[in-house]
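# Notes for the structure review
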Amino acid sequence: MLLNRLRGPSLAVLACALGALALSACATTGDAAPKTETASAAAPGALASKDRTMAPGLDGWANQDPYPSTYRGLPRENMALVGATVLTGTGQKIEGGVVVVTDGRIAAVGGANTPVPAGYKVVDARGRYVTPGVIDIHSHLGVYPSPGVMGMSDGNEATNPNTAQVWAEHSIWPQDPGFNTARAGGVTTMQILPGSANLFGGRGVTVRNVPSVTMQGMKFPNAPYGLKMACGENPSRVYGSRNQSPATGMGNVAGYRAAFIAAREYKAKWDKWREDGQGTPPTRNLQLETLAGVLDGSILIQNHCYRADEMAVMLDVAKEFGYKITTFHHAVEAYKIAPMLAREGVCAAMWTGWWGFKMEALDGIEENAALTDAPEGSCAVIHSDDAELIQRLNQEAAAALSAGRRAGLNISEEHAISWITLNAARAIGIDKETGSLEPGKRADVVIWSADPFSIYARADQVFIDGGLAFDRSNPAYQPVSDFELGQPGFGQSAAGVAQGAR
């Protein structure tokens, strides 16, 4: 999977002018409303062309959410989790803590004396740990689902170095069993990305990890889009093997620059037309529209990039064209430029033990996340890029924490939990909504059987917006997808554990 891996229309509304002296019919051709003598007389000097209405689908800025979320959340009740060791995600650890949930939001977090409102369900979490829901910012679930067959391999539009026009959400198969196994690992939210074959792979989408028949039913409401970019070996290998550009690192960079030059010109044309309304509006281009979204800051750059020197080049490209890189993914050498990343406000998403599987991954070290986390203002994140690793991101974070401590860094568990919670939320632009147990945020909560940094810990219960999404002790809350139903071995236990709770 490692090697494989725009704004929409709004309904045009054409205004009909009903004057006191004359009635004129409205054109329904989809063109901007024509200038009329009546309009000119009513507002001398005004341009009737200020009406920028276009036919549906021709103006991408008119409706930036053409595939809107229909997510409604799971059934929920007001409750209080009491008695657990609470890691809030903000660096706080509370022994015997209380987490109060009201209408799917965190209402209060505190010690044992925190009041529990009358009538609230009380969940006894004594002897266990409570954390925010785990967030994986780099997943290909749904676009590279199980079973791994060609008919379901929808994560890479490897037809051109620039496919910024494609959206990962249009490839998501909600029946992927991986969503269920990830949920059993405490994952409540994930960013689904296109693969890394191309310089510009397309838009990623953030989803809530709830069972759904449709992609829209999982889509995180109002989460920003991310544009998957890739530097390094993948694009130059894929296209160089076809005897086309890019075939080298310098070809990669030339490709980014040419694309953003075109995007700047495209954005300028639309900005000018909206300002003065003169002439014919530009023709919509889905590829350039996504890149223009990067330039105006509404779409976040999620940049696959392993090597420190290449990350530094990508930061210079971003400065040349006036956009910001939000997160480097697979940042195997992030530790080499940790102060630079912190200074630039760029997150780095990493594995702990994956290294050496290609040349650009050769300098990976287990201390990477801890060293990258060390400078003030840093944003270290642990990610998966894998359908199995996503099930145990808490263990991946634990290995990174252990390596950092062996290197002499004093890192607490209450801080390290942010690598898979609050920092991850920041890295995909949803930290105001989730990622920590703070009043007002979504009640995405995991009750762990033990310290989540223990290899023995398992997610006992997982809540998404306060609704129970998984319960290890109750088969009624161990969802399976339609695809899983009736498959060979369905319903049979494995290693003494019932189906759905492995």
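Residues numbered from 1 in each chain as written. Predicted model: local features only at pLDDT ≥ 70, side-chain atom pairs only at ≥ 80, totals over all residues. Heavy atoms only, no water.

## So, the packing of aromatic side chains
- All told, the structure shown has 15 aromatic pairs when counted by the stated rule.
- Ring centres of Phe200 and Phe260 lie 5.6 Å apart, and the angle between their planes is 70 degrees; on these two criteria the pair is classed as edge-to-face. Of this pair, Phe200 sits in strand E8 (residues 200–208) while Phe260 sits in helix H4 (residues 249–276), placing them 60 residues apart in sequence.
- The exposure class assigned to Phe260 is buried, which follows from its relative accessible area of 0%.
- With 4.4 Å between their ring centres and 25 degrees between their planes, Phe260 and Tyr323 make a pair best called stacked. Of this pair, Phe260 sits in helix H4 while Tyr323 is found in the loop between helix H6 (308–321) and strand E11 (325–329), placing the two residues 63 residues apart along the sequence.
- Accessibility expressed as a relative area gives 8% for Tyr323, which makes it buried.
- One aromatic cluster is present, formed by Phe200, Tyr256, Phe260, Phe321 and Tyr323 through successive ring pairs.
- The lysine or arginine in question, Arg203, covers the ring of Tyr225, its NZ or CZ lying 4.8 Å from the ring centre. (Phe/Tyr/Trp six-rings, centres within 6.5 Å; stacked < 30°, edge-to-face > 60°. Helix = DSSP H or I, 4+ residues; strand = E, 2+ residues; numbered from the N terminus. Buried < 20%, exposed > 50% of the residue type's maximum accessible area, 1.4 Å probe, protein only. Lys NZ or Arg CZ within 6 Å of the ring centre and 35° of its normal.)

## Some points on the environment of Cys347
- By the element assignment, Cys347 lies in strand E12 (residues 347–350).
- The sequence separation of Cys347 and Ala424 amounts to 77 residues, and the corresponding C-alpha distance is 8.6 Å.
- With residues up to four places along the chain from it excluded, the contact list for Cys347 reads Thr326, Thr327, Phe328, Cys379, Arg426 and Ala427. (Contact = heavy atoms within 4.5 Å.)

## Here we look at the confidence of the model for the protein chain
- The pLDDT averaged across the protein chain works out to 89; a share of 88% of its residues lies at or above 70.
- For residues 1–49, every residue scores under 50 in pLDDT, and the model assigns this stretch 100 contacts once sequence neighbours within four places are set aside. (pLDDT = per-residue confidence, 0-100.)

## Overview of the pairing of E12
- Burial along E12 is two-sided: the face carrying Cys347 and Ala349 and the face carrying Ala348 and Met350 are both buried.
- Pairing analysis gives three bridges linking E11 to E12, with the strands arranged parallel. When the bridges of E12 are listed, His329 appears paired with Ala349.
- The parallel pair E11 and E12, bridged by helix H7 (residues 338–344), forms a crossover whose chirality is right-handed. (Pairing = 2+ DSSP bridges. Right-handed = clockwise from strand over helix to strand, strands pointing away.)

## Details of H4
- With 28 residues, H4 should cover 40 Å at 1.5 Å per step; its first-to-last C-alpha distance of 41 Å lies within 8% of that length.
- Buried residues of H4: Gly251, Asn252, Tyr256, Ala259, Phe260, Ala263, Tyr266, Lys267, Trp270 and Trp273, and no others.
- In this fold, the buried residues of H4 make contact with E8, strand E9 (225–230), helix H3 (233–240), helix H5 (286–295) and H6.
- Residue Gly277 follows H4 closely and has a positive phi angle near 65 degrees. (Expected span 1.5 Å × (residues − 1).)

## Structural notes on the nonpolar core
- Ranked by internal contacts, the top residues of the largest apolar core, which has 86 residues, are Phe200, Tyr323, Phe328 and Trp419.
- Phe200 has contacts with Pro161, Asn162, Thr163, Ala164, Leu227, Lys228, Met229, Gly255, Tyr256, Ala259, Phe260 and Leu291, leaving out every residue within four places of it along the chain. (Core = buried A, V, L, I, M, F, W, Y, C linked by side-chain atoms within 4.5 Å.)

## What to know about the pattern of salt bridges
- Tallied over the full model, the rule gives 24 salt bridges.
- Measuring nitrogen to oxygen at the nearest pair gives 2.9 Å for the salt bridge that ties Lys219 to Glu169. With Lys219 in the loop between E8 and E9 and Glu169 in the loop between strand E6 (134–139) and helix H2 (177–184), this pair connects stretches of sequence that are 50 residues apart. As far as the burial class goes, Lys219 and Glu169 line up, both buried.
- As a salt-bridge pair, Arg307 and Asp309 come within 2.6 Å of each other at their nearest N and O atoms. (Salt bridge = Lys/Arg side-chain N within 4 Å of Asp/Glu carboxyl O.)

## Topic: H6
- The end-to-end C-alpha separation of H6 is 21 Å, in line with the 20 Å expected for 14 residues at 1.5 Å each.
- Among the residues of H6, Ala308, Glu310, Met311, Met314, Leu315, Val317, Ala318 and Phe321 are the ones counted as buried.
- Its buried side turned inward, H6 meets E9, H4, H5, strand E10 (299–304), E11 and H7.
- The positive-phi residue at the C-terminal boundary of H6 is Gly322, with phi of around 75 degrees.

## Here we look at the state of the cysteines
- All chains considered together, the criterion is met by two disulfides.
- Here Cys231 engages in a disulfide with Cys305; their sulfurs sit 1.9 Å apart. Judged by the torsion about the S-S bond (115 degrees), the Cys231/Cys305 disulfide is right-handed. Taken together, the positions of Cys231 in the loop between E9 and H3 and Cys305 in the loop between E10 and H6 put the pair 74 residues apart, joining distant regions of the chain. The exposure classification of Cys231 matches that of Cys305, with both residues buried.
- The disulfide partner of Cys347 is Cys379, and the gap between their sulfur atoms is 2.2 Å. With the S-S bond torsion at 85 degrees, the cross-link from Cys347 to Cys379 turns out right-handed. Taken together, the positions of Cys347 in strand E12 and Cys379 in the loop between helix H8 (368–373) and strand E13 (380–382) put the pair 32 residues apart, joining distant regions of the chain. (Disulfide = S-S within 2.5 Å.)

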